[in-house]
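Spelled out from the first residue to the last, the chains are:
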Amino acid sequence: DGGITQSPKYLFRKEGQNVTLSCEQNLNHDAMYWYRQDPGQGLRLIYYSQIVNDFQKGDIAEGYSVSREKKESFPLTVTSAQKNPTAFYLCASSSDGNTIYFGEGSWLTVV
Amino acid sequence: AQSVTQPDIHITVSEGASLELRCNYSYGATPYLFWYVQSPGQGLQLLLKYFSGDTLVQGIKGFEAEFKRSQSSFNLRKPSVHWSDAAEYFCAVNSGGYQKVTFGTGTKLQVIP
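Computed from a predicted model, the values in this text were never measured in an experiment.

Caption draft 1: Up close: the overall build of chain B. A tally of regular secondary structure across chain B gives zero helices and twelve strands. Reading chain B from its N terminus to its C terminus gives the helix and strand order β-β-β-β-β-β-β-β-β-β-β-β. Computed over C-alpha atoms, the radius of gyration of chain B comes to 13 Å, within 12% of the 13 Å expected from 2.2 N^0.38 for 113 residues, which places it in the range of a compact globule. Dimensions along the principal axes, computed over C-alpha positions, put chain B at roughly 40 × 30 × 20 Å. A total of 113 residues make up chain B; the buried ones form 44% of that total.

Dropping the structure here:
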């Protein structure tokens, strides 16, 4: 089945630690996205990538980094510079930049 | 800048009753419009979308939405709600471009027997 796979589903981060969330898609979509979701705030764009080896900052990129070495993969690293990383993270992809399809999400909690 | 407003944070309906979730957008031209549904702890699933043409759009799970340009609205409707429809619903607007999707803050739907 085609889709977007995020892993792990649950991740715990210690203070000062970097963690990486994985996102893989087999939809052959060119564009991929990372969103952060906090209760009552909707979705906020962290980074997006239109093509391989290119990515752009979204509205809340500080404290995050990404790479796009393969079309199907778009991992997100939450660095120690992100002071409030506890949230639900959603990876998404699109073939045309108009309709966006989402993965199942990953929960990150700081312990 | 474009914006999306979902005025109702929480709505409760009885099973079998009709449903309408409101969405208003702000954008100069006609945007691309979407409704998504999210079950607790899950990702967002696309219910329907409007790009152009017929202003009444049919989606999955028996949902439909109507684009009204004069009211800048794109309300989601369902004639008869099922208990499994309990979830959070997000309206989204895309003015064109990979980074130009704006999501509303969501409406939580509770369905009571």
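More follows now that the structure is in view.
Caption draft 2: Region of interest: the state of the cysteines. Residues and elements named next belong to chain B. Under the counting rule described, the total for this entry stands at two disulfides over all chains. Each sulfur of the disulfide joining Cys23 and Cys91 lies 2.0 Å from the other. Judged by the sign of its S-S torsion, about -65°, the cystine formed by Cys23 and Cys91 is left-handed. On the criterion of sequence distance, the pair formed by Cys23 in the loop between β3 (19-21) and β4 (24-26) and Cys91 in strand β10 (residues 87-94) is long-range, its members being 68 residues apart. Taking the relative accessible area as the measure of exposure, Cys91 reaches 0% and is therefore buried.

Caption draft 3: Just the sheet that holds strand β7 (residues 64-66) of chain A, in detail. All names here are of chain A. Taken together, four strands build an open sheet; the order of strands is β1-β3-β8-β7 and the sheet is antiparallel. At either margin of the open sheet sits one strand with a lone partner, and together these are β1 (4-7) and β7. Between one strand axis and the next, the sheet turns through 20° on average, direction left out of account. Pairing between β1 and strand β3 (residues 19-25): four bridges, direction antiparallel. Bridge pairing in β3 places Ser7 opposite Ser22.

Caption draft 4: Seen up close, the side chain of Ser94 of chain A. Residue and element names in this part refer to chain A. Locating Ser94 in the fold gives a position in strand β9 (residues 87-94). Assessed through its relative accessible area of 0%, Ser94 is described here as buried. Excluding anything up to four places from it in sequence, Ser94 contacts His29, Asp30, Ala31, Tyr33, Thr99 and Ile100.

Caption draft 5: Molecular detail of unusual backbone geometry. In the segment running from Ser7 of chain A into Pro8 of chain A, the intervening peptide bond is cis, with an omega of -10°. Summarising the element assignment, Pro8 of chain A is placed in the loop between β1 and β2 (10-13). In this model, Lys61 of chain B sits at a positive phi of 60°, which is unusual for a non-glycine residue. By the secondary structure assignment, Lys61 of chain B is in the loop between β7 (56-58) and β8 (64-68). Judged by its relative accessible area of 45%, Lys61 of chain B falls in the partly exposed class. Non-glycine residue Ser72 of chain B carries a positive phi angle of around 50°.

The rules we used
Residues numbered from 1 in each chain as written. Chains lettered and ligands numbered in written order. Predicted model: local features only at pLDDT ≥ 70, side-chain atom pairs only at ≥ 80, totals over all residues. Heavy atoms only, no water. Helix = DSSP H or I, 4+ residues; strand = E, 2+ residues; numbered from the N terminus. Rg over C-alpha atoms; globule rule 2.2 N^0.38 Å. Buried < 20%, exposed > 50% of the residue type's maximum accessible area, 1.4 Å probe, protein only. Disulfide = S-S within 2.5 Å. Pairing = 2+ DSSP bridges. Axes fitted to C-alpha atoms, helices over the stretch in contact; angles between N-to-C directions. Contact = heavy atoms within 4.5 Å.

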